[in-house]
Amino acid sequence: MNEISEGENTIILYFRKSKQVCIWTVKLALTCCLPLALQQKMLKVEHIGIAVQSLAESLPLFEKLLNTSCYKIEEVESEQVRTAFFATGVNKIELLESTSPEGVIARYLSKRGEGIHHIAFEVQDIESEMKRLAGEGFELLQEKPKRGADNKLVCFLHPKGTKNVLVELCQEVEVNK
């Protein structure tokens, strides 16, 4: 390759030996100009939530299983739940213990027993993602995001529209320093 020319939206490569010209048209897409549906996406699996009867009993088991220590235990009073987090590569495991017999996790445990409760996806803009998903016909369990554990804003999708999988959207909340 002997020459590279760049235009505003085009890259031209000229190969002298073979006398071939390759032209690529580059479509510059600024996020602010894209339709909402193309801007938003779920960035990664942020964590998997597991309902447990007792953190005291479950923590040692998951520490052995994952070969790592729990990095945070936190109570979310509004949800009547105590959580424990484990980092596993780029993802996390969240153990959920009810703090009240009337709590969501207590009701879940009485119906289904211990096990996977939800899968959480990280999103960049939770309100836009909620709007997009509602527009796609998914039922949101909250009208507005709420404060969750591990410094997140969260919203859940009703499992009846997601093949009985409780899906959580999470957005990292910036901490003022």
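Residues numbered from 1 in each chain as written. Predicted model: local features only at pLDDT ≥ 70, side-chain atom pairs only at ≥ 80, totals over all residues. Heavy atoms only, no water.

**Here's the deal with the nonpolar core**
Turning to step 1, where the next piece is worked out: In terms of nonpolar packing, the biggest core is built from ten residues, these being Ile50, Val52, Leu55, Leu59, Phe62, Cys70, Ala84, Phe86, Ile93 and Leu95.
Turning to step 2, where the next piece is worked out: Broken down by secondary-structure element, the contributors of at least two residues to this core are helix H2 (55-66), strand S6 (81-88) and strand S7 (91-98).
Turning to step 3, where the next piece is worked out: Among the elements that make up this core, the one with the highest residue count is H2 (three residues).
Turning to step 4, where the next piece is worked out: When neighbours within four sequence positions are excluded, cysteine 70 is seen to be in contact with Leu59, Glu63, Ala84, Phe85 and Phe86. (Core = buried A, V, L, I, M, F, W, Y, C linked by side-chain atoms within 4.5 Å. Buried < 20%, exposed > 50% of the residue type's maximum accessible area, 1.4 Å probe, protein only. Helix = DSSP H or I, 4+ residues; strand = E, 2+ residues; numbered from the N terminus. Contact = heavy atoms within 4.5 Å.)

**Quick notes on the packing of aromatic side chains**
Turning to step 1, where the next piece is worked out: The full count for this structure, using the stated rule, is two aromatic pairs.
Turning to step 2, where the next piece is worked out: Aromatic pair phenylalanine 62 and phenylalanine 86: ring centres 6.4 Å apart, planes at 40°, arrangement tilted. Note that phenylalanine 62 is positioned in helix H2 and phenylalanine 86 in strand S6, a separation of 24 residues in sequence. Each member of the pair phenylalanine 62 and phenylalanine 86 is classed as buried. (Phe/Tyr/Trp six-rings, centres within 6.5 Å; stacked < 30°, edge-to-face > 60°.)

**Details of the pattern of salt bridges**
Turning to step 1, where the next piece is worked out: Taken as a whole, this structure holds twelve salt bridges when the rule is applied.
Turning to step 2, where the next piece is worked out: Where glutamate 75 meets arginine 82, a salt bridge forms, and the shortest distance between an N and an O atom there is 3.0 Å.
Turning to step 3, where the next piece is worked out: Among the residues examined, glutamate 75 registers a relative accessible area of 41% and is labelled partly exposed.
Turning to step 4, where the next piece is worked out: Residue lysine 92 pairs with aspartate 150 through a salt bridge whose shortest N-O separation is 2.6 Å. Taken together, the residues span a long stretch of sequence, with lysine 92 in strand S7 and aspartate 150 in the loop between strand S9 (146-148) and strand S10 (152-157) at a distance of 58 residues. Each member of the pair, lysine 92 together with aspartate 150, is buried.
Turning to step 5, where the next piece is worked out: Connected through shared salt-bridge partners, Glu46, Lys72, Glu74, Lys92, Asp150, Lys152 and Glu172 make up one network. (Salt bridge = Lys/Arg side-chain N within 4 Å of Asp/Glu carboxyl O.)

Interpretation in functional terms is not warranted from these geometric data alone.
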